[in-house]
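Given next are the chains, with one letter for each unit.
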Amino acid sequence: MTQLRTNVNNTDHIFGNENAPLELVEYGDYECPHCGRAHPIVKDIIRQMGDHLKFVFRNFPLSNVHPHAVSAAVATEAAALQGKYWEMHDIIFENQQTLEVEHLFLFAHQVGLDLERFKNDIQDNALNDKVEKDFYGGLRSGVNATPTFFINGQKYDGDWSGHNLLNYLQTLLSSASTSPTDTRQ
């Protein structure tokens, strides 16, 4: 089974309970139609799993087929500098057909970013470096398509569509809660 090579750390964007028993990491591309279909599924999983789930999104822009994927990823990283990562993440996925630079600025305005700061931040090489670091970490972990999910460090090779991923996570959670925690006699 393929393992996540870069553990979740303080450079990641984490949504939910940092001490949750389940950790879901998604490697995704903001322009990828499959990631676009996965987005509402993941949002539903987050809602239904509540405090039992920690969600992390990592950038894996397939720039050879998605020309706006890198700039969209950099835009979310720039939004993070103003505390609006998840708002930008969501608005980009919800409008992934329009990811030209002028639209990214419109989205930045809609989520309440300081546009002058955003304009400067998206030109910061450190943000491109963060996107590249995510991408190469994904490659080292065996990611070759988007979306790719890891659950508690293990690559999930099952079907993520519909309720399949949610059902799998719920099964993991219930089996973890029914296993004995103290086996001493």
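About the cut-offs
- Residues numbered from 1 in each chain as written.
- Predicted model: local features only at pLDDT ≥ 70, side-chain atom pairs only at ≥ 80, totals over all residues.
- Heavy atoms only, no water.
- Buried < 20%, exposed > 50% of the residue type's maximum accessible area, 1.4 Å probe, protein only.
- Helix = DSSP H or I, 4+ residues; strand = E, 2+ residues; numbered from the N terminus.
- Pairing = 2+ DSSP bridges.
- Right-handed = clockwise from strand over helix to strand, strands pointing away.
- Phe/Tyr/Trp six-rings, centres within 6.5 Å; stacked < 30°, edge-to-face > 60°.

Visitor: Describe the pairing of strand β2 (residues 22–28), listing the residues and the values that go with them.
Guide: Most of β2 is tucked away: seven of the seven residues are buried. In β2, alternate side chains face the same way, and those of L22, L24, E26 and G28 on one face and E23, V25 and Y27 on the other are all buried. Pairing between β2 and strand β3 (residues 53–59): seven bridges, direction parallel. Of the residues in β3, the one forming a bridge with E23 is K54. Handedness of the crossover joining β2 and β3 through helix α1 (residues 33–49): right-handed. Pairing of β2 with strand β4 (residues 148–151), which is carried by four bridges, proceeds in the antiparallel orientation. Note that in β4 the partner of V25 across the bridge is F150.

Visitor: Summarise the packing of aromatic side chains; cite the residues concerned and give the values.
Guide: Per the stated rule, a full pass over the model turns up 12 aromatic pairs. Connected via pairs of aromatic rings, a cluster forms that spans Y27, F60, F135, Y136 and F150.

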